[in-house]
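Architecture at a glance
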Amino acid sequence: MTRRVAITGCPVAHSRSPVIHRHWLALHGIDGTYDRVEVKPEDAPAFYRDIAAHGLSGCNVTVPNKEAAAAACDELDDAARVMGAVNTISLDADGRVLGSNTDGLGFLGNLDQEVPGWDGEVRHAVVLGAGGAARAVIWALLSRGVKKVSVVNRTKSKAEDLCARFGADSIACDWDDLGEILGETDLLVNTTSLGMAGQPALDLSLSRLPETAIVNDIVYVPLETPLLADARARGLRAVDGLGMLLHQAVPGFERWFGVRPRVTDELRAALLADLGAAS
Ligand code: ATR
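Residues numbered from 1 in each chain as written. Predicted model: local features only at pLDDT ≥ 70, side-chain atom pairs only at ≥ 80, totals over all residues. Heavy atoms only, no water.

Some details on the domain arrangement of the chain
Rules: Throughout, the edges of the domains are those of an automatic or database domain assignment. The contact criterion used throughout is that any non-hydrogen atoms of two residues lie within 4.5 Å. Two parts placed together each lose some accessible area under a 1.4 Å probe, and the buried area is that loss summed for both. Think of a salt bridge as a Lys or Arg side-chain nitrogen and an Asp or Glu carboxyl oxygen that are within 4 Å of each other. Side-chain atoms alone can form a polar contact between residues adjacent in sequence; in general such a contact is a pair of N or O atoms within 3.5 Å, and within protein one must be able to donate a hydrogen while the other accepts it.
Domain boundaries assigned for the chain yield domain 1 (3-101 + 243-278) and domain 2 (104-240). Domain 1 puts 16 residues into the contact, and the matching count from domain 2 is 18 residues. Summed over both sides, the interface between domain 1 and domain 2 buries roughly 1,400 Å², with carbon and sulfur atoms accounting for 64% of that surface. It is M83, M244 and H247 in domain 1 that bury the most area against domain 2; as a group they hold 41% of the surface buried on that side. For the interface between domain 1 and domain 2, the tally reads 1 salt bridge. In this structure, R268 engages D240 in a salt bridge whose closest nitrogen and oxygen atoms are separated by 2.9 Å. Scanning the region where domain 1 abuts domain 2 turns up 6 residue pairs in polar contact (both at pLDDT 80 or more).

Written out as structure tokens, the structure is:
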């Protein structure tokens, strides 16, 4: 029987998830579909309680439904529980609704692929931003054993709230102290929208970063943000954000369709072509 999966949320027209999953479905010759289904926030609780009634064997969840989806699940994985948000839903053999959050795994999968062994050398990571993406990145870094995560945000109180959830290994710091902090940073991650097309660039000097540092921007439009261009010009290792988007899709596809897919240059090219067509 054809397995039907979809990206759900409101709106869903902009989502790039169909490009990723359809690429893998075709590559592996799997009898499955991956579509877009708009789910209005007021319909979300009932929808996620019973996705099978909508003909789905699983789904991804995007804004603004991630929290409502988490509340509707019978069971959450560790990441979804900590984040209070679900982006991937599957059903077990008894029809129970299982919710996970794969954004953090996507972040880790990207770094693992682009800088193999990074976790052996990163003791102190600095995360810029304190939104949903920052939450996933902090969870990921701590779950991988990074000893200290400094969180720097324009609105410091949000960074403090976030760190309170994660315990003593994450510390909220002042934006004004960033210059000094960068001197002892092994990995710098930008999770703010600064540097994204249509947004101001991130105004930050990387001159204090050690030459062994890694810089990761989770923004992927444009692929080469001013932050990454600056890092590369300084000879630092720079990792773009497209890989996080691609890798976060891997666990869902494996769960729904039984094949662990790979993130290849071909897939990256397909997505970049699609983003080009969309812009
Ligand atoms: P996401 O879910 O993708 O993380 P978000 O929750 O809207 O998105 O978070 C956006 C992040 O970018 C926030 O940390 C925000 O800082 P504030 O908490 O102070 O709003 C940060 N951000 C957005 N525009 C910014 C700007 N002009 N300067 C500094 N930080 C900015």
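A closer look at the sheet that holds strand β9 (residues 170-173)
Note the cut-off: Pairing between two strands requires that DSSP report at least two bridges joining them. Helix and strand definitions here come from DSSP, where helices need a minimum of 4 consecutive H or I residues and strands a minimum of 2 consecutive E residues; each element is numbered from the N-terminal end. Between N-to-C directions, angles cover 0 to 180 degrees, with each direction set by a line fitted to C-alpha atoms, over the stretch in contact for helices.
The strand order across the open sheet formed by 6 strands is β9-β8-β7-β10-β11-β12, and the pairing between neighbours is parallel. Of all the strands in the sheet, the pair left with one neighbour each is β9 and β12 (237-239). Across this sheet, the average inter-strand angle for adjacent strands is 20°, counted without regard to direction. Contacts between helix α5 (residues 103-114) and the sheet are confined to β10 (187-190), β11 (214-217) and β12, with β11 contributing the most and set at about 135° to the helix. Against the sheet, helix α8 (residues 156-166) makes contact with β8 (148-152) and β9, and its axis sits at roughly 170° relative to β9, the strand it touches most.

Points about the site of the ligand
Stated precisely, the cut-off is as follows: Throughout, the term near means that a residue has one or more heavy atoms lying within 4 Å of the molecule or strand in question. All accessibility values rest on the Shrake-Rupley procedure with a 1.4 Å probe; residue burial counts only the protein chains present in the view. Three classes are used, and their members are as follows: Ala, Val, Leu, Ile, Met, Phe, Trp, Tyr, Cys and Pro are nonpolar, Asp, Glu, Lys and Arg are charged, and the others, Gly among them, are polar.
What surrounds the ligand is the set G129, A130, G131, G132, A133, N153, R154, T155, K158, T192, S193 and L194. Within the side chain of N153, one N or O atom sits 2.7 Å away from an oxygen atom of the ligand. Within the contact set of the ligand, an oxygen atom lies 2.9 Å away from a side-chain nitrogen or oxygen of K158. Taking 650 Å² as the accessible area of the ligand by itself, protein coverage stands at 65%. For the shell around the ligand, the residue count by class is 3 nonpolar, 7 polar and 2 charged.

A look at the layout of surface pockets
What counts is decided by this rule: Grid points spaced at 1 Å over the protein atoms alone were grouped into cavities, where a 1.4 Å probe fits but cannot get out, and pockets, open sets with protein on both sides within 12 Å along at least five of seven lines, with lining residues defined by an atom within 4 Å of a point. Grid points are joined across faces, edges and corners, and a volume is the space filled by probe spheres set on the points.
In this structure, the largest pocket occupies an estimated 1,200 Å³ of space. Taken together, 33 residues form the lining of the largest pocket, with T62, K66, D103, Y220 and L245 sitting closest to its centre. Those elements giving two or more residues to the lining of the largest pocket turn out to be β3 (58-61), α3 (66-72), α7 (132-143) and α11 (242-247). Ranked by residue count, the leading element in the lining of the largest pocket is α7, at 3 residues. Here the residues of the lining of the largest pocket are counted per class, giving 15 nonpolar, 13 polar and 5 charged. Residue-level mapping places the lining of the largest pocket at the junction of two domains, with at least three residues from each of domain 1 (3-101 + 243-278) and domain 2 (104-240). Here the second largest pocket defines a volume of roughly 360 Å³. Lining the second largest pocket we find 16 residues, and of these G129, N153, R154, T192 and S193 sit closest to its centre. With 3 residues, α7 is the single largest residue contributor to the lining of the second largest pocket. Of the residues belonging to the lining of the second largest pocket, the class tally is 5 nonpolar, 9 polar and 2 charged.

Some details on the pattern of salt bridges
Taken as a whole, this structure holds 17 salt bridges when the rule is applied. The residue R22 makes a salt bridge to D35 at a minimum N-O spacing of 3.4 Å. Highlighted residues: R22 in helix α1 (residues 17-28) and D35 in strand β2 (residues 32-38), separated in sequence by 13 residues. Two residues, R144 and D119, come together in a salt bridge whose shortest N-O distance is 3.0 Å.

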